[in-house]
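What follows is the residue order along each chain.
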2 protein chains.
Amino acid sequence: MDKVDAKILSALQDDARMTVAELSERVALTSSPCWRRVKALEETGVIRGYHAELDPRRLGYDVTAFVNVMLENHRADLGDSFEIAVQGIPQVVACHNVSGRYDFMLEVVAPDLEAFGEFARNVLRTLPGVKEIYSSFSLKSIKRTRSIPIPPA
Amino acid sequence: MDKVDAKILSALQDDARMTVAELSERVALTSSPCWRRVKALEETGVIRGYHAELDPRRLGYDVTAFVNVMLENHRADLGDSFEIAVQGIPQVVACHNVSGRYDFMLEVVAPDLEAFGEFARNVLRTLPGVKEIYSSFSLKSIKRTRSIPIPPA
DNA sequence: GGTGAAAGCGAGGACCA
DNA sequence: TGGTCCTCGCTTTCACC
């Protein structure tokens, strides 16, 4: 991980479809070593994958909600089955086990508020061990780049 | 937006570097129409871009925090300057204006808890109009696919 | 909307410094 | 490590259905 790698990561984080030719120009290297660096970054797991970013609205998802979930108790198996269940629900686009008052925070997409309400009632509330949920809605997306700042060294 | 487009979106959301050749095979089309569809999806904004997904840990970010921010009042200009300020801070990887007790929810990465503490004190707390912040930390990432479910139609 | 062909370029490997 | 060269296959754009 040197400065060249950092530049490569920035560039690919910004545009995953950039060709190695263009990338190598940008980092002042010829294409072979540049290509090898990219492969190394993929193999060592620094680059986890490449994904298209889609516009939820254009796909009919007008609602993004953050759902805080509290479990009934903290037995490990309860948390585990909750986690496994959550992974299988496509509307849940992200989920973290968090510190604080609640145990989990989920990011959920839904076509509209009504659909979200139904989803919360029929799906989320019925997940194993759920005691309480508190939802808050995204009124406006200020920043949605999941871009990680690349350390200069 | 038909079934073929849906398949294309799923595939690219999963692997943005998939070649058009491979894609066209998967959706049972020849490469030209497949390519045209991809271009159309890009131009109409359904596909917003392509990004490499990086591993925060391998870049030295061991802490992901969700920071809830309450502003002093709800004057529009206060919210605006907060939003603009937030957009310029690379450690803030996502930010939403949300409903509920707090006004904004930020997702922040930091090398460790100490660095996060400093960041919260020196940067977040000093942003325009900030009255209160409440942070909760990701203890475990259960699901981090930002993948949106593709509607079947 | 779809096909097939053609030109040009990039990916990826072999090999050298 | 980085650079050069080479080849195959893909991308991209035709003209046409």
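Since the model is a prediction, treat every value here as computed from it, not as a measurement. (Residues numbered from 1 in each chain as written. Chains lettered and ligands numbered in written order. Predicted model: local features only at pLDDT ≥ 70, side-chain atom pairs only at ≥ 80, totals over all residues. Heavy atoms only, no water.)

Peer 1: Talk me through the protein's contact with DNA strand D; I want residue IDs and the actual numbers.
Peer 2: Lining the immediate surroundings of DNA strand D are Leu29, Thr30, Ser32, Pro33, Arg36 and Arg37 of chain A together with Thr19, Val20, Ala21, Ser31, Ser32 and Trp35 of chain B. Close to the protein, within 4 Å, the atoms of DNA strand D are drawn from sugar and phosphate at a rate of 61%. One of the side-chain N or O atoms of Thr30 of chain A is found 2.9 Å from a phosphate oxygen in DNA strand D. Ser32 of chain B is positioned such that a nitrogen or oxygen atom in its side chain is 2.9 Å from a base oxygen of DNA strand D. At the level of elements, helix H3 (31-43) of chain A together with helix H2 (20-26) and helix H3 (31-43) of chain B are the ones that each hand at least two residues to the surface near DNA strand D. With four residues, H3 of chain A is the largest single contributor of residues to the surface near DNA strand D. (Near = heavy atom within 4 Å. Polar contact = N/O pair within 3.5 Å; in protein donor to acceptor, adjacent residues only side chain to side chain. Helix = DSSP H or I, 4+ residues; strand = E, 2+ residues; numbered from the N terminus.)

Peer 1: So what's going on with the domain arrangement of chain A? Which residues, and what values?
Peer 2: Split by domain assignment, chain A resolves into domain 1 (3-43) and domain 2 (57-137). Relative placement of domain 1 of chain A and domain 2 of chain A: their C-alpha centres are 37 Å apart. (Domains from an automatic or database assignment.)

Peer 1: So what's going on with the pattern of salt bridges? Which residues, and what values?
Peer 2: All names here are of chain A. If you walk through the whole model with that rule in mind, you get 24 salt bridges over all chains. Arg144 is the salt-bridge partner of Glu53, the closest N and O atoms lying 3.7 Å from each other. One end of the pair, Glu53, is in strand S1 (residues 47-54); the other, Arg144, is in the segment after strand S5 (130-143), and 91 residues separate them in sequence. For Arg144, a relative accessible area of 31% puts it in the partly exposed group. (Salt bridge = Lys/Arg side-chain N within 4 Å of Asp/Glu carboxyl O. Buried < 20%, exposed > 50% of the residue type's maximum accessible area, 1.4 Å probe, protein only.)

Peer 1: Tell me about the packing of helix H1 (residues 3-14) of chain B against H3 of chain B, and please be specific about residues and values.
Peer 2: All names here are of chain B. Packing of H1 against H3 leaves a shortest axis separation of 11 Å and a crossing angle of 75 degrees. Here H1 is positioned roughly perpendicular relative to H3, judged by the angle of their axes. Together, Val4, Asp5, Ile8, Leu9 and Leu12 of H1 and Cys34, Arg37, Val38 and Leu41 of H3 make up the contact between the two elements. Each residue belonging to the contact of H1 with H3 can be placed in one class, and the counts come to seven nonpolar, no polar and two charged. (Axes fitted to C-alpha atoms, helices over the stretch in contact; angles between N-to-C directions. Parallel < 35°, antiparallel > 145°, perpendicular 65-115°, else oblique. Contact = heavy atoms within 4.5 Å. Nonpolar A, V, L, I, M, F, W, Y, C, P; charged D, E, K, R; others polar.)

Peer 1: Can you break down helix H1 (residues 3-14) of chain A residue by residue, with the values?
Peer 2: With twelve residues, H1 of chain A extends 17 Å between its outermost C-alpha atoms, agreeing within 8% with the 16 Å of an ideal straight helix rising 1.5 Å per residue. Restricting attention to buried positions, one finds in H1 of chain A the residues Val4, Asp5, Ala6, Ile8, Leu9, Ala11, Leu12 and Gln13 of chain A. Where the residues of H1 of chain A are buried, they touch helix H2 (20-26), H3 and S1 of chain A together with strand S1 (47-54) of chain B. The N-terminus of H1 of chain A is capped by Asp2 of chain A, whose side-chain oxygen sits 3.3 Å from the backbone nitrogen of Val4 of chain A. (Expected span 1.5 Å × (residues − 1).)

Peer 1: Requested: an account of the sheet that holds strand S2 (residues 63-71) of chain A, with residues and values cited.
Peer 2: Read around the barrel, eight strands follow the order S2(A)-S4(A)-S3(A)-S5(B)-S2(B)-S4(B)-S3(B)-S5(A) and close on themselves; strand pairing throughout is antiparallel. Here the strands of the sheet are splayed against their neighbours by 35 degrees on average, with no regard to which way each runs. Judged from the five bridges that link them, strand S3 (residues 92-98) of chain A and strand S4 (residues 104-110) of chain A form a sheet pairing that is antiparallel. Considered in S4 of chain A, the bridge of His96 of chain A is made with Met105 of chain A. Sheet contacts for helix H5 (residues 113-124) of chain A: S2, S3, S4 and S5 of chain A; angle to S4 of chain A, the most-contacted strand, approximately 135 degrees. (Pairing = 2+ DSSP bridges.)

Peer 1: Tell me about the interface of chain B and chain A, and name the residues and values.
Peer 2: Across the boundary between the two partners, chain B contributes 65 residues, which contact 65 residues of chain A. Both sides together, the interface formed by chain B and chain A hides about 6,300 Å², and carbon and sulfur atoms give 53% of it. Linking chain B with chain A are eight salt bridges, by the criterion used here. The residue Arg146 of chain B makes a salt bridge to Glu107 of chain A at a minimum N-O spacing of 2.1 Å. At the junction of chain B and chain A, the tally comes to 55 residue pairs in polar contact (both at pLDDT 80 or more). The set of elements that each furnish at least two residues to the side of chain B that touches chain A consists of H1, H3, S1, helix H4 (76-87), strand S3 (92-98), strand S4 (104-110) and strand S5 (130-143) of chain B. With nine residues, S5 of chain B is the largest single contributor of residues to the side of chain B that touches chain A. Classifying every residue of the side of chain B that touches chain A gives 34 nonpolar, 16 polar and 15 charged. Across four bridges, S3 of chain A lies against S5 of chain B in antiparallel orientation. Counterpart to Cys95 of chain A in the pairing with S5 of chain B is Lys143 of chain B. (Buried area = accessible area lost by both parts, 1.4 Å probe.)

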